[in-house]
Structure formats: C-alpha cells, structure tokens
Amino acid sequence: VDYRVVEGIDNDTAVNMYLNGEIHSVGLSGENVEKYGNRPDVTSAEDTVLFYIEVNQGHGEPSSNKALLANAKARKALNMAFDKEYITKTILANGSLTADYLVPEGLTSSEDFGGKDFREVAGDLFGGKDGYNKHNVEEAKKLWEEAKKETGVAKAELELLIFQGESAANIGTHLKNEWEKNLEGLTIEIKALPFSEKIARANRGEFELNFAGWGPDYPDSMTFLDLFVTGGGHNNTGYSNKEYDAIIQSAKSGDLTSPSKTKERFEALVGVEKTILGDDQVVLPLYQRAGVALRDPKIEGWKLQTFGADYIHKWTDIAE
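Criteria and thresholds
- Residues numbered from 1 in each chain as written.
- Predicted model: local features only at pLDDT ≥ 70, side-chain atom pairs only at ≥ 80, totals over all residues.
- Heavy atoms only, no water.
- Helix = DSSP H or I, 4+ residues; strand = E, 2+ residues; numbered from the N terminus.
- Contact = heavy atoms within 4.5 Å.
- Patch = residues over 30% accessible without salt bridge, like charges linked within 9 Å, V, L, I, M, F, W, Y side chains within 5 Å.
- Areas by Shrake-Rupley, 256 points an atom, 1.4 Å probe, with all protein chains shown as cover.
- Salt bridge = Lys/Arg side-chain N within 4 Å of Asp/Glu carboxyl O.
- Lys, Arg positive; Asp, Glu negative; His and termini not counted.
- Charge placed at Lys NZ, Arg CZ, Asp CG, Glu CD.
- Buried < 20%, exposed > 50% of the residue type's maximum accessible area, 1.4 Å probe, protein only.
- Polar contact = N/O pair within 3.5 Å; in protein donor to acceptor, adjacent residues only side chain to side chain.

A.B. asks: Give me the lowdown on the environment of I190, citing residues and values where you can.
C.D. replies: Among the secondary structure elements, I190 is positioned in strand β7 (residues 186–192). The sequence separation of I190 and G213 amounts to 23 residues, and the corresponding C-alpha distance is 17 Å. Residues within four places of I190 in sequence aside, it is in contact with L160, I162, G172, T173 and K176.

Next comes the structure, spelled out in structure tokens:
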C-alpha cells in the first residue's frame, strides 16, 4: 500500500491525481461531490468518527481566556453560535452528519431498549436524539454576555488550532466568521499546524480551542464517554467532574458491569453524555464523518471499519 500524504493539498489537485492515474482512490469534498458524484467509480461510506472542538478550561498555564472558557455558559454559547449545517452541507457535502452529540449514530444499541440505537435512547430519555445545545444565536448571545459578566472578561482573543488542508481551513474560517459576528468582544486567530505539532501542543495544554476528532476503538459508547475523566490521557480540556468520574468507573469496572445490570449501564452512559454535553459542554461537536470517494474498480476487499482501524488491508487486492 502506497499512501500519499501531501501537506496543504486541495481537493481539486487530489482528484486530478486520481483522474491522471497517479493514485487509485481519492476522497471528495465540497463542489467535487456534486461534480463527480454520479461517476460509475464513485463509492460512499458511513462512519462513526466524530470531529469536535476541544475547549481548554484549565489545562496548562492559566490565563484570562481559559478562565472565560471555564464558564459552562461561555462554552454553550460557542456551541450554539455557529451554523453546523453549513459545514456538513456546503463545506464537506459528502454525507457527513451535523452533530451536537458525542456518541455517533450506528455505533451501539441496546436489546434492553428494544434494540434501539444509543441516539434513539438519548432522545427517549433526555430529548437528545440529535444532541444538546443546538444552533440558537439569540440564546448564544445571552449566555455569552452572562459568562463575560460572571468571569469579568469583557474581551477575548482565542487561538483556534486546526489541521492542515483545505477542508479544515474552510471550517476554521466559518467558525471564526460566525463566532466573531455573533459573540461580542470575541476575536479568533486561526493557526494551522502539522499534525504532530498540533497533538503535542494540545497535550501540553498550549491552546484555547483545538479542532480534534475521535474514532471508536470498540463498539461501545464508553470509547467516547471516558475521554474526559479527571487526569485522563486524552482529556486535553482540563475538565473535572467527580460524579461523572464515578459513573465511568462503575460502568468500566464497578457495579454497572454486572450482567444483570446491562440496562442500568446503558441508561447511565446515556446520562453521562447529557452531563458532559447538555450540562457542561466539555467540547463543541461539529460532525459525524462520512465519505464519498472515487475508487478504481479494480480494487477488491477494501472496506471502511466502524471501529478500530479505519481500514484493514489484509484482504485488499487489485484485480488484473
């Protein structure tokens, strides 16, 4: 497998590499989805990877910006102040789903709830089928002003770390425009970094807002919901909640792991998502990834996985 990584490449260039026979497969985004979407060599796939903005509320060196972001109202305002459908429908335009949730559609379901998907159960229990704190500019403005008053921070210039590449740049620009337009006193500086440097800065807490993503390691909601335990290796936000920590511990190795408590465990984890998003807005969900691509019909046995590695190439071949 020869996997090409070209920093800063735009989708038009990548598509032309495919059309010229330089590569066997290429993802489509933006206008290219409509332009090439009816070709016989097009393929599409649903995915369970979620992208979101990490919000630094206390990790690393303290600052007035982090003090503002430590206020849950400020984080909710940020989540409600931008149009997520513009990202999925216009920038990506590849079937990705608008997300105000953390646990993706199609990852896990429960026989104790009639075989319903996690998202359906979240809807039944907490009205969270599509997530929490959805787009509402007027409410965002109100919460933002309350957060500024409560923290004493009247103005903030926040740095947004993003991936390198065309789609990430377009998403970053959209966020900057929406936030600066709708939240008075807020200025956003976009910083595109190589992946390794971006990860290192996030791990050290040297950021305020960070464009990040997570793919499931196994088909259970825990693979997303335990990300933000106090001191957790993937908790770049500095978030800490003792009650949340206790439920996660019980669902991983405590009372809720009993075979007689599968329903209670599933319900508790649905409640955990409501806590870290609906109540505390630890991160700002963006979208659940999907993909449309052009692929050489000669490729056989190459299929996107719903958890674990994105692809397993053991059975992949190119027909003669």
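A.B. asks: Hey, could you go over a negative patch on the surface for me, with residue numbers and the actual values?
C.D. replies: A surface patch of like charges, here negative, comprises D12, E31, E34 and E166. For E166, the position within the fold is in helix α8 (residues 166–182). On the basis of relative accessible area, E166 is assigned to the partly exposed category, the value being 33%.

A.B. asks: Provide a residue-level description of the side chain of N94, including the pertinent values.
C.D. replies: Following the sequence through the fold, N94 ends up in the loop between α5 (84–92) and β3 (97–98). The exposure class assigned to N94 is buried, which follows from its relative accessible area of 11%. Reaching out from N94, the side chain makes a polar contact with the backbone oxygen of A290 at a distance of 3.2 Å. The contact partners of N94, leaving out residues within four places of it in the chain, are L28, V33, T88, A290, G291 and V292.

Read these as geometric descriptors, not functional statements.
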